[in-house]
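Residue-level structural notes
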Amino acid sequence: MPPHFFAAQAPTAVAEPWLIKLNEALAAELGLDVEALRRDGAAIFSGNLLPEGAEPLAMAYAGHQFGGFSPQLGDGRAILLGEVVDRSGKRYDIQLKGAGPTPFSRRGDGRAAIGPVLREYIISEAMFALGIPATRALAAVTTGEPVYREEVLPGAVFTRVAASHIRVGTFQYFAARGDTDGVRALADYVIDRHYPALKEAENPYLSLFEAVCERQAALIARWLHVGFIHGVMNTDNMTVSGETIDFGPCAFMDTYDPATVFSSIDQHGRYAYANQPGIGQWNLARLGETLLPLIDAEPDGAVDKANIVIKSYGERFQAHWLAGMREKIGLAGEEDGDLDLVQALLSLMQAQGADFTLTFRRLSDLAGDDAAEPAFAASFREADACGPWLTRWRKRLSRDPQTAIERAIAMRSVNPAFIPRNHRVEQAIEAAVENGDFSLFEALLSVLSKPYEDQPDFVAYREPPKPDERVLATFCGT
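Note that this is a predicted model, so its numbers are computed, not measured.

**Quick word on the overall build of the protein chain**
The helix and strand tally for the protein chain stands at 15 helices and 12 strands. The 478 residues of the protein chain split such that 55% are buried. Counted over contacts in the protein chain with a minimum sequence separation of 6, partners at least 24 positions apart contribute 70%. Computing the positive centroid from 45 side-chain charges and the negative centroid from 64, the protein chain places the two 1 Å apart.

And the structure:
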């Protein structure tokens with residue numbers, strides 16, 4: 001890309017890097033030299049040693065943050081080392097987070113504390129294991145230097161792998177400057193990299209907008225299926241590739257409540273669990289605005305075409321969400337009353353304070369064995385509250401061709417037994433920060449790598465937090 005798309009920037013060396021974790025399986029998939037990374041990983045992933053061929057840079061982008069537009073944000077503490085092509089021929093970015101200041105740091109120190117680094121490692125790898133498109137964790141290192149936030153914390157650097165780091169906010173950066181040629185160059189690059197089939201489309205830029213909307217609708221539906229709350233769905237945190245990015249104050253919901261918010265900075269619930277689909281549409285409308293000059297030279301025609309796409313987003317999302325919810329409650333076919341059946345269960349869960357993940361997993365068990373009904377009923381404050389819904393559910397299942405065993409197996413493949421429970425993540429972070437103990441971090445990663453398996457030795461990791469273990473707020477790492 002042309003020079004005004006980024007700023008060349010080398011990482012700032014740190015005092016005493018130490019490798020916390022290397023994702024050896026991912027490194028091998030990327031075609032990297034695992035042995036070399038074991039030896040030199042601390043230096044490379046801290047930014048002290050640049051790999052051969054690296055031309056590090058900080059990317060420029062803008063963004064709407066909680067609805068307010070900032071014309072220049074950019075990588076304030078992230079440095080893109082470069083790109084690799086993996087063993088299957090796919091191209092990926094490798095980026096350091098917390099590698100020092102850049103021209104976009106806005107008076108920040110460009111550093112990261114160990115807590116947010118471990119949180120992003122845990123959550124991104126958990127999302128991958130759950131089958132949800134997301135950036136990946138390649139490595140985490142400590143720097144041997146303090147980071148000053150509300151308190152003094154150990155510093156760390158996180159290495160992130162992404163299909164690309166191009167965001168809705170990247171398009172907004174050039175559109176805000178009236179740089180239509182820049183928007184066009186960026187759109188052409190995105191089509192080449194992520195949507196090559198669109199080069200033959202009648203209107204490639206309109207088709208690009210439609211393709212990004214489709215991927216985001218599918219992605220956000222997947223978030224809701226597992227109770228994930230992103231926390232900062234700003235336009236600079238929405239990729240055009242369709243990957244989940246930036247695991248700052250994100251969290252997984254315990255007790256089901258559509259209004260759940262964890263982010264300490266989301267004071268008005270803009271990015272609450274149930275608001276995420278609508279925010280996705282709002283963000284995508286901002287992308288559409290940047291593409292208007294490319295979609296049609298005639299402004300009114302461009303708006304009309306873009307509006308058709310953005311209005312279809314709701315239908316796209318609903319289709320993905322309902323399809324996934326049918327799978328979660330074991331429906332093999334489609335009937336008109338399915339949406340009402342799903343919503344009735346969710347309303348019951350909310351009214352009865354049921355745990356989101358545990359309720360669906362127990363329903364999976366019940367689908368294969370009626371003896372599991374007491375355990376499912378125990379998900380609710382009043383054990384007999386679920387009786388009427390179960391009657392409706394069983395009547396609906398009787399019209400599907402699956403056997404009970406087939407249904408239970410299918411349901412267990414979409415209803416995880418294990419998610420990154422907030423209290424477990426915080427326990428792992430606290431042990432690392434306070435005692436330099438990474439054993440809880442390693443144990444959590446191991447359990448979360450197989451979220452759909454029962455893992456009887458780790459049954460405690462399935463359980464919701466006790467009242468004194470509940471984590472009510474999560475924090476951004478900047």
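**Comments concerning helix α15 (residues 439-448)**
Inspection of α15 places Phe441, Leu444, Leu445, Val447 and Leu448 among the buried residues, and these make up the whole buried set. The buried residues of α15 all sit within an arc of 165 degrees when viewed along its axis, so they share a single face. Of the surrounding elements, those touching the buried residues of α15 are β2 (18-22), α3 (114-130) and α14 (422-435).

**A look at the pairing of strand β6 (residues 78-85)**
Where β6 meets strand β7 (residues 91-97), seven bridges bridge the pair, whose relative direction is antiparallel. Of the residues in β7, the one forming a bridge with isoleucine 79 is leucine 96. Once β6 ends, the chain turns through five residues before running back antiparallel as β7, passing glycine 89 with a positive phi of about 90 degrees.

**Looking at the packing of aromatic side chains**
Here the structure, examined in full by the defined rule, presents 16 aromatic pairs. Residues tryptophan 223 and phenylalanine 228 carry aromatic rings whose centres are separated by 5.4 Å and whose planes lie at 70 degrees to one another, so their mutual orientation is edge-to-face. Comparing tryptophan 223 with phenylalanine 228 shows no difference in burial state: the two are buried. Relative to tryptophan 393, the ring of tryptophan 389 lies with its centre 5.8 Å away and its plane at 15 degrees, an arrangement referred to as stacked. Separated by four residues within a single helix, tryptophan 389 and tryptophan 393 lie in helix α12 (residues 387-397), roughly one turn from each other. For tryptophan 393, a relative accessible area of 2% puts it in the buried group. These aromatic residues form a ring-pair network of at least three members: Trp223, Phe228, Phe247 and Phe252. A cation sits over an aromatic face here: arginine 136 above phenylalanine 128, 3.5 Å from the ring centre. The cationic tip of arginine 177 hangs over the ring face of tyrosine 173; the distance from NZ or CZ to the ring centre is 3.7 Å.

**What about the nonpolar core?**
In terms of nonpolar packing, the biggest core is built from 120 residues, with Phe171, Leu363 and Trp393 touching the most fellow members. Broken down by element, this core gets its largest block of residues, 13 residues, from helix α6 (residues 204-225). Leaving out residues up to four positions away in the same chain, phenylalanine 171 has contacts with Ile166, Val183, Leu186, Ala187, Val190, Val240, Leu287, Thr290 and Leu291. By size, the runner-up hydrophobic cluster in this structure holds 20 residues, among which are Tyr92, Ile94, Ala99 and Val141.

**Points about the side chain of glutamine 455**
Its location among the elements puts glutamine 455 in the segment after α15. Take glutamine 455: its relative accessible area is 10%, and that puts it in the buried class. Among residues more than four places away in sequence, those in contact with glutamine 455 are Phe418, Ser446, Val447 and Lys450.

**Quick notes on the environment of leucine 397**
Within the secondary structure, leucine 397 is located in helix α12. Using a relative accessible area of 9% as the deciding quantity, one classes leucine 397 as buried. Residues leucine 397 and proline 101, spaced 296 residues apart in sequence, show a C-alpha to C-alpha distance of 57 Å. Excluding anything up to four places from it in sequence, leucine 397 contacts Ile329, Gly330, Leu331 and Arg407.

**Section: the side chain of aspartate 400**
Locating aspartate 400 in the fold gives a position in the loop between α12 and α13 (404-412). What makes aspartate 400 buried here is its relative accessible area of 11%. Side chain to side chain, aspartate 400 and arginine 396 meet in a polar contact 3.1 Å long. Not counting residues within four places of it along the chain, the set of residues in contact with aspartate 400 comprises Gly330, Leu331, Ala332, Gly333 and Arg407.

Conventions used here
Residues numbered from 1 in each chain as written. Predicted model: local features only at pLDDT ≥ 70, side-chain atom pairs only at ≥ 80, totals over all residues. Heavy atoms only, no water. Helix = DSSP H or I, 4+ residues; strand = E, 2+ residues; numbered from the N terminus. Buried < 20%, exposed > 50% of the residue type's maximum accessible area, 1.4 Å probe, protein only. Contact = heavy atoms within 4.5 Å. Lys, Arg positive; Asp, Glu negative; His and termini not counted. Charge placed at Lys NZ, Arg CZ, Asp CG, Glu CD. Arc of directions from axis to C-beta. Pairing = 2+ DSSP bridges. Phe/Tyr/Trp six-rings, centres within 6.5 Å; stacked < 30°, edge-to-face > 60°. Lys NZ or Arg CZ within 6 Å of the ring centre and 35° of its normal. Core = buried A, V, L, I, M, F, W, Y, C linked by side-chain atoms within 4.5 Å. Polar contact = N/O pair within 3.5 Å; in protein donor to acceptor, adjacent residues only side chain to side chain.

Everything listed here is a matter of geometry and, on its own, says nothing about what the molecule does.
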